[in-house]
Amino acid sequence: SAVISQKPSRDICQRGTSLTIQCQVDSQVTMMFWYRQQPGQSLTLIATANQGSEATYESGFVIDKFPISRPNLTFSTLTVSNMSPEDSSIYLCSVGEPRVGYTFGSGTRLTVV
Amino acid sequence: GNSVTQMEGPVTLSEEAFLTINCTYTATGYPSLFWYVQYPGEGLQLLLKATKADDKGSNKGFEATYRKETTSFHLEKGSVQVSDSAVYFCALSESNNDMRFGAGTRLTVKP
């Protein structure tokens, strides 16, 4: 299965600033998925990123707040913009086929102060 | 829509105890079912899966059987170890872009 390198692993940011999270995959993949895991809770899908097209966002998530880039088949970034304390979460990228199973990055633990 | 309901935790067991974590699902068709595990400070790892009714997924001593009649996929292990302490997520996928996760169950195994 694919190996994902995600960084940063954690960060503490000031409110109003932005943070860009990177995910590098060791093989070419069609779809990459970005999830948010709020403290003590399950995973919520933010968006699906396909190379060469705009990301598809889930209800409650908008491109202005969570812009995503997918410049090639091995790389994607998620930016958390204009952060507030409510954005404090773990952010995870993943790849795979939904009916087969996903591989996840190690996550980015974000704290907004 | 599709959803997963998972046994609430936390669950605390002694080493070598028997583990069951309940998971039931709601789906319109025939989903694939998964258990993922998240060790402290890490991302999720796929533990096991089953793609059709009556399939049994197994890995590292854990197993779960896809029960269509009861819409369930309970996770079991006969003898847990301290190293099994983690958060376990049940999940399902029915379409090409939709993996739904349960709330997660935190397991702590004491020596």
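Worth saying up front: this structure is predicted, and the values here are computed from it rather than measured. (Residues numbered from 1 in each chain as written. Chains lettered and ligands numbered in written order. Predicted model: local features only at pLDDT ≥ 70, side-chain atom pairs only at ≥ 80, totals over all residues. Heavy atoms only, no water.)

A. A look at the overall build of chain A. Each helix and strand in chain A was counted, giving 0 helices and 11 strands. In sequence order, chain A lays out its α and β elements as β-β-β-β-β-β-β-β-β-β-β. The C-alpha atoms of chain A give 13 Å as radius of gyration, which agrees with the globular expectation for 113 residues (13 Å, within 12%). Oriented by its inertia axes, the alpha-carbon framework of chain A measures out at about 35 × 25 × 25 Å. Here chain A holds 113 residues, and 50% of them are scored as buried. Contacts in chain A between residues far apart in sequence, at least 24 positions, make up 52% of those at least 6 positions apart. Surface accessibility of chain A: about 5300 Å² in total, with carbon and sulfur atoms responsible for 48%. (Helix = DSSP H or I, 4+ residues; strand = E, 2+ residues; numbered from the N terminus. Rg over C-alpha atoms; globule rule 2.2 N^0.38 Å. Buried < 20%, exposed > 50% of the residue type's maximum accessible area, 1.4 Å probe, protein only. Contact = heavy atoms within 4.5 Å. Areas by Shrake-Rupley, 256 points an atom, 1.4 Å probe, with all protein chains shown as cover.)

B. Spatial organisation of the state of the cysteines. In this structure the tally under the stated criterion is 2 disulfides over all chains. Each disulfide pairs two cysteine sulfurs, and for Cys23(A) the partner residue is Cys93(A), the sulfurs being separated by 1.8 Å. The sign of the -90 degrees torsion about the S-S bond sets the Cys23(A)-Cys93(A) disulfide as left-handed. In this pair, Cys23(A) is assigned in strand β3 (residues 19-25) and Cys93(A) in strand β9 (residues 89-97), connecting sequence segments 70 residues apart. Just as Cys23(A) is buried, Cys93(A) falls in that class too. Put simply, Cys23(B) and Cys90(B) are joined by a disulfide, and their sulfur atoms are 1.9 Å apart. Disulfide Cys23(B)-Cys90(B): torsion about the S-S bond near -70 degrees, hence left-handed. (Disulfide = S-S within 2.5 Å.)

C. Structural view of the confidence of the model for chain A. Summary statistics for chain A give a mean pLDDT of 93 and a share of 100% for residues scoring 70 or more. Of all the helices and strands in chain A, strand β10 (residues 101-104) of chain A carries the lowest mean pLDDT, 91, while β3(A) carries the highest, 98. (pLDDT = per-residue confidence, 0-100.)

D. Region of the structure containing the pattern of salt bridges. Throughout the structure, instances matching the rule amount to 4 salt bridges over all chains. Across the salt bridge formed by Lys65(A) and Asp87(A), the nearest N and O atoms sit 2.6 Å from each other. Of this pair, Lys65(A) sits in the loop between β6 (56-57) and β7 (68-72) while Asp87(A) sits in the loop between β8 (75-80) and β9, placing them 22 residues apart in sequence. Among the residues examined, Asp87(A) registers a relative accessible area of 5% and is labelled buried. In this structure, the salt-bridge partner of Lys56(B) is Glu63(B), at a minimum N-O distance of 3.6 Å. (Salt bridge = Lys/Arg side-chain N within 4 Å of Asp/Glu carboxyl O.)

E. Quick look at the sheet that holds strand β9 (residues 75-77) of chain B. Residue and element names in this part refer to chain B. Here we have 4 strands laid out as an open sheet, ordered β3-β9-β8-β7, and antiparallel in their pairing. Whereas interior strands pair on both sides, the edge strands pair on one side only; in this sheet they are β3 (19-21) and β7 (56-59). Direction aside, the axes of adjacent strands within the sheet are offset by 15 degrees on average. Pairing of strand β8 (residues 62-65) with β9 involves 2 bridges; the strand directions are antiparallel. Bridge assignment links phenylalanine 62 to a residue of β9, and that residue is lysine 77. (Pairing = 2+ DSSP bridges. Axes fitted to C-alpha atoms, helices over the stretch in contact; angles between N-to-C directions.)

F. Looking closely at the sheet that holds β3(A). Residues and elements named next belong to chain A. Read across the sheet, 4 strands follow the order β1-β3-β8-β7 without closing on themselves; strand pairing throughout is antiparallel. Each edge of the sheet is formed by a strand with only one pairing partner; in this case those strands are β1 (4-7) and β7. Strand-to-strand twist in this sheet, taken as the mean axis angle between neighbours without regard to direction, amounts to 15 degrees. Here β3 pairs with β8 via 6 bridges, running antiparallel. The residue bridging glutamine 22 from the neighbouring strand is threonine 77, located in β8.

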